[in-house]
Structure formats: structure tokens, C-alpha cells
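Listed here are the chains, written in short residue letters.
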Amino acid sequence: MSYALALLVELYRAARVDGSRLMQLGLDSRASDLLALANADEVANLIAMRDLAVEKLLPRLPSGPVATGSTFEGSVDLNADADLIVGGVLVDFKATQGRARPDGSRAAALTRAEIDQLLGYVLLDYSDAFALHSVAIYAIRYGHYRAWPLDELCAELAGRPIDLAAMRQEFAQVVRVELPGYRRASIVDRIQRRVATS
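Calculation rules
Residues numbered from 1 in each chain as written. Predicted model: local features only at pLDDT ≥ 70, side-chain atom pairs only at ≥ 80, totals over all residues. Heavy atoms only, no water. Helix = DSSP H or I, 4+ residues; strand = E, 2+ residues; numbered from the N terminus. Buried < 20%, exposed > 50% of the residue type's maximum accessible area, 1.4 Å probe, protein only. Contact = heavy atoms within 4.5 Å. Polar contact = N/O pair within 3.5 Å; in protein donor to acceptor, adjacent residues only side chain to side chain.

Trainee: I'd like a rundown of the overall build of the chain, residues and numbers included.
Mentor: Along the chain, the regular secondary structure elements total six helices and seven strands. Helices and strands appear in the chain in the N-to-C order α-α-α-β-β-β-β-β-α-β-β-α-α. The burial tally for the chain puts 30% of its 198 residues in the buried class. By sequence separation, contacts in the chain at least 24 residues apart represent 56% of the contacts at least 6 residues apart.

Dropping the structure here:
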């Protein structure tokens, strides 16, 4: 069922069906046909990741309110939702294969873009409705969990202490006022260039 749900979520997020196994289903397909789209290896892989999460992730999570798929106040401005928020920690799940090593094995890897994504979620919580104090990444294929207190992470990246409430308000201003104007100008510029080359 998890695999079938992942296919449906992928369709929802990408809004494309090119190459999706869902296209193998017909109008007369049943739930059993949807469930049969996953092969035995994929099901075994999902079970292994679940078992690893029970061992490696669950003991590391704080106690407190749990929310999945949460949207933020700023999600109306930028489409964004959190994988998991628990006890003030925003956890993003990463299912990538990781970075290839010279010996052919793979290792969990973290990019600056992934850190920026986490911070973007935090900034979209304009009024701090989730009372976030930390962000974390869980590499589900490796069972690796890493969390950072927000004040420390922001200070390290900025090279100085950051007033997160003020930063959220500045971010809201950029997203709500400046970004739409930039997008409009970009669209007009592209149209003008097309007209000029026609």
C-alpha cells in the first residue's frame, strides 16, 4: 500500500503521468491492480527502510505533538509542505541513493540546497505556528538522522546571530511582494524576446 500511495503522491506533486506505472491501469482496474504495481524487491526495500526507521529514527525523535504533511502560513505564497514536525523539530526525509564512493559503494550525502530547503520551510512559518526550534534530515536508506538547533545553524550559515522572527518577516516581504513582481517582469521579458525574434 505504501508503494501505491507513493505513486499517487508522485502524480499529485508532479502533475505528470509520463512513465508512471499508474498508466498501466485501466478504467476497470481495482485496488488490487494498483497494489500489484509494486514488485517483490520494491516491497522488500520499503519493509527494510521501515524497519531501519524503527531502529534508527524513532528513538531519536523528541516527544511532543506530531504533524505530517503540514503546510505553513507561507505555503499559499510558495507551494511547500513538511514531511514531519515533531516536538518542534522539522524533519525532512531523503530517499536518494547517496553519493558514489570510489570503491563503488554509496554514502549518505547532504547538499547546501537541502539545508536551504529546510530553512525555507522554517521561514515560511511566518508566525512561528509550529514553534520550531530545530531542523533535521533523515536519510531513509542509510538510517542516518542529523538535527541542528535553528539558532546555531542560522548563526553558522550567516556568520552572526540571526533574529529569526525578523528574518521570517523579511522573507514574507520578498515572497509576497518582490517575487511576484520579479516573476511578472520575467514573463513579460520572455514574451518580448519571443516577439522580437519572430
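Trainee: How would you summarise the environment of Val 66 if you had to cite specific residues and measurements?
Mentor: By secondary structure assignment, the location of Val 66 is in strand 1 (residues 66-68). When its relative accessible area of 58% is taken as the criterion, Val 66 is described as exposed. Remark: the alpha-carbon pair of Val 66 and Gly 88, spanning 22 residues in sequence, is separated by 8.9 Å. Residues in contact with Val 66, not counting those within four places in the same chain, are Leu 84, Ile 85 and Val 86.

Trainee: Could you give me a rundown of the side chain of Lys 94, with the residues and numbers involved?
Mentor: In this fold, Lys 94 is placed in strand 3 (residues 89-94). Residue classification places Lys 94 among the buried positions, given a relative accessible area of 16%. Side-chain polar atoms of Lys 94 contact the side chain of Asp 92, separated by 2.8 Å. A polar side-chain atom of Lys 94 sits 2.7 Å from a polar atom in the side chain of Gln 117. Not counting residues up to four positions away in its chain, the partners in contact with Lys 94 are Glu 114, Gln 117, Ile 137, Tyr 138, Ala 139 and Ile 140.

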